[in-house]
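Coordinate inspection notes
Listed below are the residues making up each chain.
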Amino acid sequence: MASATGTSLCMTLASCSLKRTQLSNSRISSLRSVSVPINRKGYPSLVSRRGSSRLQVFCAAKPETVDKVCAIVRKQLALPDDSAVTGDSKFAALGADSLDTVEIVMGLEEEFGISVEEESAQSITTVQEAADMIEKLIEKDAA
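What counts as what
- Residues numbered from 1 in each chain as written.
- Predicted model: local features only at pLDDT ≥ 70, side-chain atom pairs only at ≥ 80, totals over all residues.
- Heavy atoms only, no water.
- Helix = DSSP H or I, 4+ residues; strand = E, 2+ residues; numbered from the N terminus.
- Contact = heavy atoms within 4.5 Å.
- Areas by Shrake-Rupley, 256 points an atom, 1.4 Å probe, with all protein chains shown as cover.
- pLDDT = per-residue confidence, 0-100.
- Expected span 1.5 Å × (residues − 1).
- Buried < 20%, exposed > 50% of the residue type's maximum accessible area, 1.4 Å probe, protein only.
- Lys, Arg positive; Asp, Glu negative; His and termini not counted.
- Salt bridge = Lys/Arg side-chain N within 4 Å of Asp/Glu carboxyl O.

**Notes on the overall build of the chain**
Within the chain, the regular secondary structure consists of four helices and seven strands. Reading the chain from its N terminus to its C terminus gives the helix and strand order β-β-β-β-β-β-β-α-α-α-α. Intrachain contacts of the chain at a sequence separation of at least 6 include 37% that bridge at least 24 residues. For the chain, the accessible surface area stands at approximately 9,100 Å², while carbon and sulfur atoms represent 50% of it.

**Details of the confidence of the model for the chain**
In the predicted model, the chain carries a mean pLDDT of 74, and 59% of its residues have values of at least 70. For the chain, the element scoring lowest by mean pLDDT is strand β1 (residues 2–4), at 39; helix α1 (residues 63–76) scores highest, at 96. Contacts for the low-pLDDT stretch residues 1–24, under 50 throughout, to residues beyond four places or in other chains number 51 contacts. Between residues 38–43, whose pLDDT stays under 50, and residues either more than four places distant or in other chains, the model counts 16 contacts.

**Quick word on helix α4 (residues 127–142)**
With 16 residues, α4 ought to run about 22 Å at 1.5 Å a step, and its terminal C-alpha atoms sit 23 Å apart, in line with that. Of all the residues in α4, the buried ones are V127, Q128, A130, A131, D132, M133, I134, E135 and L137.

**Thoughts on the side chain of E135**
If you trace the backbone, E135 turns up in helix α4. K62 provides the closest opposite charge to the buried, salt-bridge-free E135, at an N-O distance of 5.0 Å. Not counting the four nearest positions on each side in its chain, E135 is found in contact with A60, A61, K62 and T65.

**Regarding the environment of E103**
Counting through the fold element by element, E103 comes out in helix α2 (residues 98–112). Separated by 30 residues in sequence, E103 and V73 place their C-alpha atoms 9.2 Å apart.

**Describing α1**
Three- or four-residue spacings in an α-helix give side chains the same orientation, since the helix completes a turn every 3.6 residues. Taking 1.5 Å of rise per residue, the 14 residues of α1 would be expected to cover 20 Å, and the 20 Å separating its terminal C-alpha atoms lies within 8% of that figure. Structurally, α1 contributes buried residues whose contacts are with α2 and α4. Of the residues one or two after α1, A78 is the one with positive phi, at around 55 degrees.

Laid out in structure tokens, this is it:
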């Protein structure tokens, strides 16, 4: 059982339940992942990995950032607008090769006004990882 600012969360590998008392923007992206906005600044997520009964807590990117990254990925890979691209989408599973990934990163740099180091760019494999990296870079630049 975990709780965060008026929201209690009970999560097992097979099911997930969320009781809302104060937060209306909570989202459940799968049976293994729940994001809850706290103080409208970040979206801490509780994630259960396969084969594990432990939960990991991390700050995920805002849904708006993930949506922008999804749009850029769709555009760079020439995917239809109705194609299923989510935070969990892996670039390789969407048909991206290494050149496509470089072009996606360049599109993200242009859209968000950031500069991604080559080492960081090579470690990005999913939409969520890209969105998280973008928010970290924006936060770092603002500091």
